[in-house]
Amino acid sequence: MSEEKVDALRQRMAEHMAMPFPPGFRGLDIESQDMVMLDADAYGYALGVVKGPLNERRRAGLSRLMTVVERVLPAIDDEYATRYYTHVRDMAAMAAEIEVQRDM
């Protein structure tokens, strides 16, 4: 596993933490998904990947999260929130890619 990819994920996570949470999205559900939890789960999975390989349960959770993000993203009708959650998706995708490469 390339430490450079893990460093890139750390950088993406730092960028994410610097972004303000979208106004009006606390307590909001889109496509039956709590938007705060979606954000927190994505960050949590990314942090887990940075710390080391995920166990099978967490890998399955990351996979489900990716499916949820892809379903929710087109339903967001706010420009900043779309940018924010696209960043969330990209961070989670980067984490998933690292996990796949660890299996090789």
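Everything that follows concerns the structure shown earlier in this document.
Residues numbered from 1 in each chain as written. Predicted model: local features only at pLDDT ≥ 70, side-chain atom pairs only at ≥ 80, totals over all residues. Heavy atoms only, no water.

K.L.:
Help me understand unusual backbone geometry, please; the structure alone is not making it clear to me.
P.N.:
Excluding glycine, residues mostly have negative phi values, and the peptide bonds linking residues are mostly trans. Unusually for a residue other than glycine, E31 sits at a positive phi of about 55°. Tracing the backbone shows E31 in the loop between β1 (29-30) and β2 (33-34). Overall, E31 belongs to the partly exposed group, its relative accessible area being 41%. With a phi close to 65°, S32 is a non-glycine residue in the positive phi region. Mapped onto the secondary structure, S32 falls in the loop between β1 and β2. (Helix = DSSP H or I, 4+ residues; strand = E, 2+ residues; numbered from the N terminus. Buried < 20%, exposed > 50% of the residue type's maximum accessible area, 1.4 Å probe, protein only.)

K.L.:
Explain helix α3 (residues 56-72) here, please?
P.N.:
Helical geometry: 3.6 residues make up each α-helical turn, so side chains three or four residues apart lie on a common side. In a regular helix each residue adds 1.5 Å, so 17 residues correspond to 24 Å; α3 covers 24 Å between its end C-alpha atoms and thus fits that length. Burial in α3 covers these residues: R59, G61, L62, L65, M66, V68, V69 and V72. Where α3 is buried, its residues meet β1, β2, α2 (35-51) and α4 (79-102). (Expected span 1.5 Å × (residues − 1). Contact = heavy atoms within 4.5 Å.)

K.L.:
Is there a simple way to explain the environment of E56 in this structure?
P.N.:
In this structure, E56 sits in helix α3. Sequence-wise, E56 and D78 are 22 residues apart; in three dimensions their C-alpha atoms are separated by 35 Å.

K.L.:
Whenever I open this one, the side chain of H87 confuses me. Can you help?
P.N.:
For H87, the location among the structural elements is in helix α4. In this structure, H87 is in contact with R12, E15, H16 and M19, ignoring residues within four places of it in sequence.

K.L.:
Any chance you could explain the packing of α2 against α3 here in plain terms?
P.N.:
To characterise two packed helices, one gives the angle between the axes of the helices and the distance between these axes. Where α2 contacts α3, the axes come no closer than 10 Å and their chain directions differ by 140°. Taken together, the axes of α2 and α3 lie oblique to each other. Along this stretch, α2 crosses α3, giving a crossing that reads as left-handed. In this structure, α2 contributes M35, L38, D41, A42, G44, Y45 and G48 to the contact, and α3 contributes R58, G61, L62, L65, V68, V69 and V72. Counted by class, the contact of α2 with α3 contains 9 nonpolar, 3 polar and 2 charged residues. (Axes fitted to C-alpha atoms, helices over the stretch in contact; angles between N-to-C directions. Parallel < 35°, antiparallel > 145°, perpendicular 65-115°, else oblique. Left-handed = near helix turned anticlockwise from the far one by under 90°. Nonpolar A, V, L, I, M, F, W, Y, C, P; charged D, E, K, R; others polar.)

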